[in-house]
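Given next are the chains, with one letter for each unit.
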Amino acid sequence: MASAAMSVALVAQPEYVPLYTENLSQEELGQIKAQLEKMGVPYRITAGGHSIEVPRTERDRVLLDLAAQGLPHSASIRYDTFLDKLPFGVTDRQFDVLERDAIQGEIESLLENGVDWIQKRAS
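Residue positions within a chain follow its written sequence, with the count starting from 1. For this predicted model, a pLDDT threshold of at least 70 governs which residues receive local features, and a threshold of 80 or more governs which side-chain atom pairs are given and counted, while totals over whole chains, interfaces and linings are taken from all residues. Note that the side-chain values use all heavy atoms of the structure and ignore hydrogens as well as water.

### Some points on the sheet that holds strand β1 (residues 16–18)
Okay, step 1: Here, any two strands with at least 2 DSSP bridges between them count as paired. Helical segments are the DSSP runs of H or I of at least four residues, strand segments are the runs of E of at least two, and each set is numbered from the N terminus. Within the open sheet, the 3 strands sit side by side as β1-β3-β2. Their pairing is antiparallel. Both outer strands of the open sheet, β1 and β2 (44–46), are each paired with one neighbouring strand and no more. In this sheet, adjacent strand axes meet at a mean angle of 40 degrees when their direction is disregarded.
Okay, step 2: Examined bridge by bridge, β1 and strand β3 (residues 51–55) share 3 bridges and lie antiparallel to one another. Note that in β3 the partner of Pro-18 across the bridge is Glu-53.
Okay, step 3: Contacts: residue pairs with any heavy atoms within 4.5 Å of one another. Angular values range over 0 to 180 degrees, each being the angle between N-to-C directions of two axes fitted as lines to C-alpha atoms, with helices fitted over their stretch in contact. Docked against the sheet, helix α3 (residues 56–68) engages β1 and β3, running at close to 115 degrees with respect to β3.

Right, here's the structure in full:
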């Protein structure tokens, strides 16, 4: 009987995944934490206070909502990820913000790859 209760408790626990893979500043993590609390999204602070995790089922929606609010300031979205993760029912405002961030992420990636390529050719 106790093992049945234990297995039910384990099944009921959501799987948590990192919200962002980039290193965010403590200030940005604090802003994100405050927004998650406002949104009623459960979260866990991990990696010694350098990462924040949310339930896997909430991650995509939370990323879009935070991006629409301009959070985090230092992270970027890749365009291919943007297209793959676009949920049904996204507002025009959310779409515009996400598209801008995705384009900026692509430009950033192109510039980084171009600089790496030039440095390799020069050496």
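Past the structure itself, the notes keep going.
### Considering α3
Okay, step 1: One axis fitted to the seven residues ending at a residue, another fitted to the seven starting there: the angle between these axes is the bend at that residue. Most pronounced at Val-62, the bend in α3 amounts to some 25 degrees.
Okay, step 2: Following α3 by one or two positions, Gly-70 has its phi on the positive side, about 85 degrees.

### Observations concerning the pattern of salt bridges
Okay, step 1: Any Lys or Arg side-chain nitrogen found within 4 Å of a carboxyl oxygen on Asp or Glu counts as a salt bridge. Under the defined criterion, the tally for this structure stands at 6 salt bridges.
Okay, step 2: Lys-33 serves as the salt-bridge partner of Glu-37, at 3.0 Å between the closest nitrogen and oxygen. Of the two residues, Glu-37 and Lys-33 both sit in helix α2 (residues 26–39), 4 residues apart, roughly one turn of that helix.
Okay, step 3: Residue classification places Lys-33 among the partly exposed residues on the basis of a relative accessible area of 31%. Partly exposed residues are those whose accessible area sits between 20% and 50% of the maximum for their type, while under 20% is buried and over 50% is exposed, using a 1.4 Å probe and protein chains only.

### Considering α2
Okay, step 1: With 14 residues, α2 should cover 20 Å at 1.5 Å per step; its first-to-last C-alpha distance of 20 Å lies within 8% of that length.
Okay, step 2: For α2, the full list of buried residues reads Glu-28, Leu-29, Ile-32, Gln-35 and Leu-36. Along the axis of α2, the buried residues cluster in a sector spanning 125 degrees; they form a single face. Facing away from the buried side of α2 by over 90 degrees, the exposed positions are Glu-27 and Lys-38.
Okay, step 3: The inward-facing, buried residues of α2 contact β3 and α3.
Okay, step 4: Count one or two residues on from α2 and you reach Gly-40, which has phi positive near 75 degrees. How far a helix is expected to stretch is found by multiplying one less than its residue total by 1.5 Å. Throughout, the arc means the angular range of directions from the helix axis out to the C-beta atoms.

### A few points about the environment of Thr-91
Okay, step 1: Relative to the assigned elements, Thr-91 resides in the loop between α4 (79–85) and α5 (92–122).
Okay, step 2: Separated by 23 residues in sequence, Thr-91 and Ala-68 place their C-alpha atoms 9.6 Å apart.

### Focus on the nonpolar core
Nonpolar side chains in soluble globular proteins tend to be buried together.
Okay, step 1: Here, nonpolar core refers to any group of buried Ala, Val, Leu, Ile, Met, Phe, Trp, Tyr and Cys residues whose side-chain atoms link them within 4.5 Å. Among the nonpolar cores identified, the biggest contains 12 residues, and these are Leu-19, Tyr-20, Leu-24, Leu-29, Ile-32, Leu-36, Val-41, Ile-52, Val-54, Val-62, Leu-66 and Leu-71.
Okay, step 2: The set of elements that each furnish at least two residues to this core consists of α2, β3 and α3.
Okay, step 3: Take this core: its biggest share by element is 3 residues, from α2.
Okay, step 4: In this structure Leu-29 touches Leu-24, Gly-49, His-50, Ser-51 and Ile-52, once residues within four positions along its chain are discounted.

### Digging into unusual backbone geometry
Okay, step 1: Even without being glycine, Ala-47 reaches a positive phi, approximately 55 degrees.
Okay, step 2: When you line up the elements, Ala-47 lands in the loop between β2 and β3.

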